[in-house]
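# Fold and geometry: a report
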Amino acid sequence: MPQPSSHAEQPVLSIEDLEVVFDTIDGPVTAITGVNLELPRGKTVAVVGESGSGKSVTAYAILRIIQKPGRISRGQILFRPRNGEPCDIATLSEKDDRLYQLRGGKIGMIFQEPMTALSPVHSIGNQIVEAIRLHRPVTKQEAEKEAAAMLGRVGIKQPEERLKQYPHEFSGGMRQRVVIAMALVCRPEILIADEPTTALDVTIQAQILDLINELKNELGASVLFITHDLGVVAQMADEVVVMNRSRVMERAPVLELFDQPFHPYTRGLLASMPRLDQHQSRLARVEVSNVNIAGLPAGYTLRREDALPGAEPRLLPLEGRRQILAWPTQN
């Protein structure tokens, strides 16, 4: 069981005012801006939104694996390990040993497409053993034993034999299980799951989600779950962060968000889901209209069109742990 930590009262990860830009020949293009979120220790936070909203870029920024010409232009990514001093990942040098210890060690990641996450020319065993030995002082034999044990833990039969095989010899669901094993074999404090079930059928998807939950509880890890599937969110998350057009629009505990979404974009996102208990000729469009929100301070609006020229929006705290993006107005 994980040992108590002096940081137990604080979130394991805090992101403040994060901005990522890509420098192009036509000038910088903003991928995400003003992103704020917290990952409580031992909890699951889902990041949802349409394709292109900035979900994956946020995840890649946490691990500092954004490829050039992308870069973090401002903001803080504060990681608080159980043992050790907090560090701002955004400010670490590419050659800093702490960055190597974080990637795959303290922070594991399940990528969306396992065939791009796995090397096709190396055996499964070589790849998992390498991940272990990069972060832990163990022999090759010890690492192979741990790799086999983790493959068995994620539901792969005859793991000792499977270690000798290559990714193309596994089915899609099995490859995803291998990626999960690689992400968890070093027992990370944070697990980032970037749409890990998108390419899987519903039966395998349910098994993978149960597996992630089970291992999260066993390891005492915190999970940042990136998805566009609101059904998965309802099943997995403790809190939800809704993103759109590179910004966080709303944050709330999962039951509160589904019971009473505040932001019009969140309402549209939920209304656009097909439901068996409703007979609609067409699905609702996702759009933002101006509505009255309980607790929204005077002088703020939810519509960018009604904001002060040149003004930047703020993620305002409302009742409880709910936050909502609003723009300052002239009133």
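Whatever comes next refers back to the structure up there.
Residues numbered from 1 in each chain as written. Predicted model: local features only at pLDDT ≥ 70, side-chain atom pairs only at ≥ 80, totals over all residues. Heavy atoms only, no water.

## Overview of the nonpolar core
Of all hydrophobic cores here, the largest spans 51 residues; its most connected members are Leu13, Ile77 and Ile192. When residues no more than four places from it in sequence are discounted, the contact partners of Ile192 are Ala59, Ile62, Leu63, Ile107, Gly108, Met109, Ile110, Leu224 and Ile226. Residues Ile110, Ala147, Leu215 and Ala221 belong to the second largest nonpolar core, which totals 38 residues. (Core = buried A, V, L, I, M, F, W, Y, C linked by side-chain atoms within 4.5 Å. Buried < 20%, exposed > 50% of the residue type's maximum accessible area, 1.4 Å probe, protein only. Contact = heavy atoms within 4.5 Å.)

## A short note on the pairing of strand E9 (residues 239–244)
Within E9, six of the six residues are buried, which leaves the element mostly enclosed by the surrounding structure. Going residue by residue along E9, you find Glu239, Val241 and Met243 tucked away on one face and Val240, Val242 and Asn244 tucked away on the opposite face as well. Where strand E3 (residues 44–48) meets E9, four bridges bridge the pair, whose relative direction is parallel. By the bridge assignment for E9, Val47 is matched with Val241. Bridging between E9 and strand E10 (residues 247–253) involves six bridges; their strand directions are antiparallel. Note that in E10 the partner of Asn244 across the bridge is Arg247. Hairpin connection from E9 to E10: two residues lie between these consecutive antiparallel strands, with Arg245 at a positive phi of about 50°. (Helix = DSSP H or I, 4+ residues; strand = E, 2+ residues; numbered from the N terminus. Pairing = 2+ DSSP bridges.)

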